[in-house]
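Residue strings, one per chain:
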Amino acid sequence: MPNLELPKSFDEFVDARKAGFIHVKDYVENGGHLVGIFCSYTPLELFDAAGVCAIGLCGTSNEPIADAEKVLPKNLCPLIKASYGFAYTDKCPYTYFCDFIVGETTCDGKKKMFELLNDIKETYVMQLPQGQKRAYAKDIWYEEVKLLKEKLEEKYGVKITDEKLREAARKRNALRRTQLELYALQGMNPPALKSTEVMSTLAQGLFHFGVDAQHATYRARVDAAKAAYEAGERPVSEKAKRILLTGCPSTGVIQKVGVTIENNGGVIVCLDDCGGERTTKMMVDEDADDILRAISDRYLEIHCSVMTTNEGRIENTKEMCKKYNVDGVVELVLQACHTFNVEATRMQEMCEEEGIPYMKLETDYSTTDSGQIETRLAAFLEML
Amino acid sequence: MYQVGIDIGSSAAKVAVIKDDEVVKTMLLDTGFSSRKVADEIYAALASEGITKDNAKYVATGYGRVSVPYADNVVTEITCHGKGADYLFKENGTVIDIGGQDTKGISLKKGRVMKFIMNDKCSAGTGKFLEVMTGRLGLTLEELSDLAREGNEISISSMCTVFAESEVISLIGKGTPRADIAFGVIESVINKVVALIAQVPADKYFLTGGLCEDDYVRERLELALNAPVKSTPLARYAGAIGAAILAAEK
């Protein structure tokens with residue numbers, strides 16, 4: 001059994017956080033196993049097949065950043081600092097109670113942070129190739145996925161069979177299809193949901209214990225939204241400007257960017273980050289002869305700015321702009337995320353060629369620039 | 001019917017009143033501590049001249065735009081500066097607005113905002129930078145420009161206002177002539193502004209905001225941009241004029 005003592009500072013926590021800790025502790029006490037993950041490249045089917053629960057640990061709050069900066073440099077992306085900070089301060093129940101953490105060599109900031117994170121909690125790092133195009137890139141990732149499989153088998157004393165992997169792939173694909181239905185709701189005119197509802201549904205989805213629970217939540221959300229729409233409910237005005245939000249993961253700025261767009265006459269119709277349609281529409285070939293290879297191939301295909309080159313992301317965004325009838329593109333760059341920040345030039349070029357207004361917002365999780373962000377977003381929406 | 005535009009910026013509040021397409025009145029006030037208070041002062045001042053809710057529409061803009069309770073509409077300063085510059089210059093080009101806490105570049109085509117750029121949190125290249133430096137040098141803005149004309153070329157390398165102030169303090173300590181420091185201070189702003197404006201290039205520029213009557217700044221900008229930079233005394237009110245124009249719409 002893992003360490004089930006509560007953190008030393010537990011008594012100082014607010015009630016909601018205490019409840020979170022008790023909830024996760026109960027799960028682990030009843031035999032549940034949690035593995036912390038950070039990234040869409042993590043092959044989730046392996047955890048499902050091993051009978052353990054992969055839980056997203058991406059830091060999305062400004063709260064632990066000041067503490068994280070005691071160790072990490074200030075000039076680092078807020079997602080990395082917050083993720084580390086939650087482990088450092090024992091403030092996240094999922095980080096605290098997980099058996100170990102799986103990371104990937106994505107950006108430099110993350111991969112070096114993982115070395116330090118390992119001092120707090122065992123962190124296993126998968127090594128991604130730097131691009132997908134070399135003939136052997138897929139083999140590299142396949143070998144890495146195989147190593148993770150062995151790691152899980154050894155750690156939990158289980159056998160990850162092809163049948164279990166196939167079953168997991170079926171369930172994950174079904175979840176992906178439901179998630180695509182959720183995205184499709186925003187394709188309607190007007191969209192069926194406020195952008196912040198989609199963002200928070202996705203954010204909550206990451207904290208379910210297992211694929212079935214997550215699927216049930218998304219299913220319920222989609223069904224409720226469809227029924228409401230059919231009943232004539234229109235939570236978003238037909239006049240709202242249709243925005244595609246691309247760039248870095250946006251969960252940490254739901255308030256600062258999502259709510260601000262909504263309050264100023266806009267609606268996010270397409271979330272074009274790594275959790276969006278671009279990644280979700282990639283399915284695992286459930287019937288492939290080599291299911292492990294099918295899984296590793298599916299994940300390596302994901303377009304992240306850490307890959308060189310990464311045209312697939314830009315081409316996909318172009319497609320999404322048409323599909324979702326987008327009025328303008330807002331690119332979110334989390335401060336010091338060099339890969340997305342540099343790649344933004346390519347995104348801007350594409351938008352200019354297509355005649356779609358484009359704006360880049362560089363920000364972090366703090367509220368220091370809320371006023372300026374609001375002015376910029378409002379002016380952008382007025383311009384459309 | 002009067003159209004009143006109120007532009008409450010971080011350091012100054014600007015008011016423009018339009019009647020029959022003519023700017024009939026402008027006002028300039030210190031924003032001071034409370035945007036709400038200055039908004040009330042503006043209403044009272046206009047009311048004493050017979051301009052009230054009964055015969056006027058009000059549009060508020062600028063950082064304090066949400067603190068004008070009697071505004072009929074609220075529009076961002078980007079859109080307003082665009083409208084105002086179009087009214088004043090009636091040409092395609094890029095508006096350069098050096099404001100109290102941010103600097104904006106607004107690309108205009110046939111009176112419409114095509115694209116804009118704004119500095120991020122940092123105050124380098126804004127009025128705030130000049131305010132801190134004039135304070136440190138014991139000069140007014142006008143004196144700073146006059147001195148800078150006579151200064152020798154020196155450069156202030158820190159981008160950050162706080163670090164640049166330390167740099168200026170050490171220059172003062174070394175006995176560097178004030179004119180040279182003045183030159184360096186203005187050049188620092190020009191360089192930062194030009195780097196920002198490079199993202200909205202044009203063959204003609206319009207300078208709006210508090211520095212519009214500063215010929216030295218305008219000339220240095222022309223030199224750095226290698227293109228004409230126009231301005232007019234009314235350009236200080238470009239945001240307010242744009243807001244007043246928008247009061248007629250809707």
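Here the residue numbering is sequential within each chain, running from 1 through the sequence in written order. Labels are handed out in written order, letters beginning with A for the chains and numbers beginning with 1 for the ligands. Two thresholds apply to this predicted model, a pLDDT of at least 70 for residue-level local features and 80 or more for giving and counting side-chain atom pairs, whereas whole-chain, interface and lining totals are computed over all residues. The side-chain figures draw on all heavy atoms in the structure; neither hydrogens nor water molecules are used.

**Re the overall build of chain B**
- Counting from the N terminus, the helices are DSSP H or I runs at least four residues long and the strands are E runs at least two residues long. Within chain B, the regular secondary structure consists of 8 helices and 10 strands.
- A compact globule built from 250 residues would reach a C-alpha radius of gyration of about 18 Å, and chain B, at 18 Å, matches this within 12%.
- With respect to the three principal axes, the spread of C-alpha positions in chain B is 60 × 40 × 30 Å.
- For chain B, the residues scored as buried account for 53% of the 250 residues in total.
- When the accessible surface of chain B is totalled, it reaches about 10,900 Å², and 50% of it is carbon and sulfur. We take the radius of gyration over the C-alpha atoms and set the globule estimate at 2.2 Å times the residue count to the 0.38 power. For each residue, the accessible area found with a 1.4 Å probe, counting protein chains only, is set against the maximum for its type, and the residue is called buried under 20%, exposed over 50%, and partly exposed in between. Computed with the Shrake-Rupley method and a 1.4 Å probe, the accessible areas treat only the protein chains shown as cover for residues.

**A closer look at the overall build of chain A**
- Along the backbone of chain A there are 16 helices and 8 strands.
- Relative to a compact globule of 384 residues, whose C-alpha radius of gyration would be 21 Å, chain A shows 20 Å and is just as compact.
- The principal-axis extents of the C-alpha atoms in chain A amount to approximately 60 × 55 × 45 Å.
- Looking at chain A as a whole, 57% of its 384 residues qualify as buried.

**A few points about the packing of helix α6 (residues 178–197) of chain B against helix α7 (residues 215–225) of chain B**
All names here are of chain B.
- Only C-alpha atoms enter the line fits that serve as axes; for helices the fit covers just the stretch in contact. Angles between N-to-C directions range over 0 to 180 degrees. Interaxial distance between α6 and α7 falls to 10 Å at its minimum, and their mutual angle equals 50 degrees. Classified by the angle between their axes, α6 and α7 sit oblique to one another. Crossing handedness for the pair α6 and α7: right-handed. Every residue of α7 that contacts α6 at Phe183, Ile186, Glu187, Ile190, Val193, Val194 and Ile197 is listed here: Tyr216, Val217, Arg220, Leu221, Ala224 and Leu225.
- In terms of residue class, the contact of α6 with α7 is built from 11 nonpolar, no polar and 2 charged. Orientation is classified from the angle alone, with under 35 degrees giving roughly parallel, over 145 giving roughly antiparallel, 65 to 115 giving roughly perpendicular, and any other angle giving oblique. Whether a crossing is left-handed or right-handed is set by the direction in which the near helix is turned from the far one by less than a right angle, anticlockwise for left-handed and clockwise for right-handed. We call two residues contacting when some pair of their heavy atoms lies within 4.5 Å. Throughout, the ten residues Ala, Val, Leu, Ile, Met, Phe, Trp, Tyr, Cys and Pro are labelled nonpolar, Asp, Glu, Lys and Arg are labelled charged, and all others, Gly among them, are labelled polar.

**Points about the pairing of strand β7 (residues 328–334) of chain A**
Residue and element names in this part refer to chain A.
- Of all 7 residues making up β7, 7 are buried, and the element is well covered by its neighbours.
- Of the two faces of β7, the one carrying Gly328, Val330, Leu332 and Leu334 and the one carrying Val329, Glu331 and Val333 are both buried.
- Pairing between strand β5 (residues 241–247) and β7: 5 bridges, direction parallel. Considered in β7, the bridge of Gly247 is made with Leu332.
- Two strands pair under a simple rule: DSSP has to find at least two bridges between them. With 6 bridges connecting them, β7 and strand β8 (residues 358–363) associate as parallel partners. Paired with Val329 across the two strands is Tyr358, which belongs to β8.

**A word on the sheet that holds strand β3 (residues 100–104) of chain A**
All names here are of chain A.
- The parallel open sheet is built from 4 strands, whose spatial order is β2-β1-β3-β4. Edge positions in the sheet fall to β2 (53–56) and β4 (123–126), since each of these pairs with one other strand and no more. Here the average twist between neighbouring strands, direction ignored, is 30 degrees.
- Bridge count between strand β1 (residues 34–37) and β2: 4 bridges; the pairing is parallel. Within β2, the residue paired with Leu34 across the bridge is Cys53.
- Packed on one face of the sheet, helix α7 (residues 137–156) meets β1, β3 and β4 and runs near 155 degrees to β4.

**Quick notes on the state of the cysteines**
- Note on terminology: disulfide denotes any pair of cysteine sulfur atoms within 2.5 Å. Summed over all chains, the structure comprises 0 disulfides over all chains.
- In this model B:Cys80 remains outside any disulfide bridge; the closest cysteine sulfur is found in B:Cys212, 17 Å from its own.

**Re the nonpolar core**
- In these notes, a set of buried Ala, Val, Leu, Ile, Met, Phe, Trp, Tyr and Cys residues joined through side-chain atoms within 4.5 Å is what counts as a nonpolar core. Within the largest apolar cluster, 147 residues are counted, with the highest numbers of intra-cluster contacts made by A:Leu34, A:Tyr41, A:Phe47, A:Val102, A:Leu152 and B:Phe116.
- Among the elements that line this core, the one with the most residues is α7(A), at 7 residues.
- If we skip the residues at most four places from it in the chain, A:Val102 touches A:Val35, A:Gly36, A:Ile37, A:Phe38, A:Thr42, A:Phe47, A:Tyr124, A:Met126 and A:Leu148.
- Core analysis: the second largest hydrophobic core is formed by 32 residues, B:Ile96, B:Phe129, B:Ile190 and B:Ala227 among them.

**Quick word on helix α4 (residues 141–150) of chain B**
Residue and element names in this part refer to chain B.
- Within the sequence span of α4, burial applies to Leu144, Ser145 and Ala148. The buried residues of α4 occupy an angular sector of 95 degrees when projected down its axis, which confines them to one face. Seen from the open side of α4, the exposed residues pointing more than 90 degrees away from its buried face are Glu142 and Glu150. What the arc covers is the set of directions going from the helix axis to the C-beta atoms.

**Observations concerning a negative patch on the surface**
Residue and element names in this part refer to chain A.
- Taken together, the side chains of Asp162, Glu163, Asp285, Asp287, Asp289 and Asp290 make up a negatively charged region of the molecular surface.
- Along the polypeptide, Asp287 turns up in the loop between α12 (277–280) and α13 (291–300).
- By relative accessible area, Asp287 is classed as exposed at 60%. Patch criteria: residues need more than 30% relative accessible area and no salt bridge. Like-charged residues are merged within 9 Å; nonpolar side chains of Val, Leu, Ile, Met, Phe, Trp and Tyr are merged within 5 Å. We define a salt bridge as a side-chain nitrogen of Lys or Arg found within 4 Å of a carboxyl oxygen belonging to Asp or Glu. As used throughout, the charge tally considers Lys and Arg to be positive and Asp and Glu to be negative, leaving His and the chain termini uncounted. In plain terms, the charge of a residue is placed at NZ if it is Lys, CZ if Arg, CG if Asp and CD if Glu.

**Observations concerning the interface of chain B and chain A**
- With 19 residues of chain B at the contact, the number on the chain A side is 18 residues.
- Accessible area, probed at 1.4 Å, shrinks when two parts are joined; the buried area is that loss added up over both. Buried surface at the junction of chain B and chain A, summed over both partners, amounts to about 1,400 Å²; 53% is from carbon and sulfur atoms.
- At the boundary of chain B and chain A, one finds 1 salt bridge.
- Residue B:Lys115 is joined to A:Glu352 by a salt bridge in which the shortest nitrogen-to-oxygen separation is 3.4 Å.
- The definition of a polar contact used here is a pair of N or O atoms within 3.5 Å, where within protein one atom must be able to donate a hydrogen and the other to accept one, and adjacent residues in sequence count solely through side-chain atom pairs. Where chain B touches chain A, the interface holds 5 residue pairs in polar contact (both at pLDDT 80 or more).
- Listed by contribution, the elements that provide at least two residues to the side of chain B that touches chain A are α2 (77–89) and β8 (112–118) of chain B.
- Residue contributions to the side of chain B that touches chain A peak at 6 residues, all from β8(B).

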